[in-house]
Amino acid sequence: MISFTEILTASDADLVKTFYKIESDPNEDFIIRINKVAAQLDLNHTQLVCALGYNKHIRDLSDIYSTLGFRSYKLLSYRSNELFSTDTYNQLPIDNVLDIYSERLEDQEILDSLREILVVRLANIENDLDKHDDAGHMFSYRMEIHSIYNSGIVGQDFAEMRLKKDIGKFRKLSGEIDVCIDMGFFPPSNLFFEDHFDPEEKVALIEAKHITPDMVKNRLQNKSISAEERDLLESYI
């Protein structure tokens, strides 16, 4: 059977070769049609739609996406974005996600589309982690965060937006701040003196040797810092 990655990266000729032998009933509901086609390829619904939707060659292959019940590439794109933004590693395992991020390098329209839905996708994953505390999903989330930065999908503007959100525990879980520092987005000292930056993340900066004892003393001079931050920092002078 063909893999998710093979469909995602297939040429137009290879896509035609794969789908010419696929059976599909145009009278069936489009969800059922997708499920049946996916089963023939040993994929699930989300994998099939996303592999095709993020393949840079699919736009002009109407015979293929119409097999799944989509009347236009735009409708296929809407569906792949919907599924990708709402999946929390249940239908798309992390290796599929990383393949999508890697393949996006070849197509600006797909890259722009991913950037638009990334905030929603990460929020859905974080909500799911809050509810289920799944170790495997936590590891996948960490890998995904590192991938979106290291592959250049997002930049400093995205990092600054994330920094302003009350998601300190997820930044710690993923090592997001370490990635942003390594990429030169933020000087560690700037983060340390930010009032809204999580106190435990400040401790992590100290322990990573980004912050000197004099900086800690300087921060403690600020009478407006929270009791939690003060208690944490005082042990480092």
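This is a predicted model, so every value here is computed, not measured. (Residues numbered from 1 in each chain as written. Predicted model: local features only at pLDDT ≥ 70, side-chain atom pairs only at ≥ 80, totals over all residues. Heavy atoms only, no water.)

Overview of the packing of aromatic side chains
Put simply, the rule is: Only Phe, Tyr and Trp rings take part, Trp by its six-membered ring, and two of them pair if their centres are within 6.5 Å. Stacked means planes under 30 degrees apart, edge-to-face means over 60, and tilted covers everything else. Runs of H or I in DSSP of at least four residues are treated as helices and runs of E of at least two as strands, each being numbered from the N terminus. The rule is simple: take the accessible area with a 1.4 Å probe, protein chains only, and divide by the maximum for that residue type; under 20% is buried, over 50% is exposed, in between is partly exposed.
Scanning the entire structure with this criterion turns up seven aromatic pairs. A ring pair is formed by Tyr141 and Phe170, whose centres lie 6.1 Å apart and whose planes are at 75°; its orientation type is edge-to-face. Of the two residues, Tyr141 is situated in helix α9 (residues 135-150) and Phe170 in helix α11 (residues 168-174); the sequence distance between them amounts to 29 residues. Owing to a relative accessible area of 0%, Tyr141 belongs among the buried residues under this scheme. For Phe170, a relative accessible area of 8% corresponds to the buried category. Taking 6.1 Å as the distance between ring centres and 65° as the angle between the ring planes, the aromatic pair formed by Tyr149 and Phe158 counts as edge-to-face.

Describing the side chain of Arg162
Rule in force here: Polar contact is the term for a pair of N or O atoms within 3.5 Å; when the atoms are in protein, one must be able to donate a hydrogen and the other to accept it, and sequence-neighboring residues count only if both atoms are side-chain atoms.
Looking at the secondary structure, you find Arg162 in helix α10 (residues 156-163). On the basis of relative accessibility, which here comes to 3%, the residue Arg162 falls in the buried class. Separated by 2.8 Å, the side chains of Arg162 and Glu176 make a polar contact.

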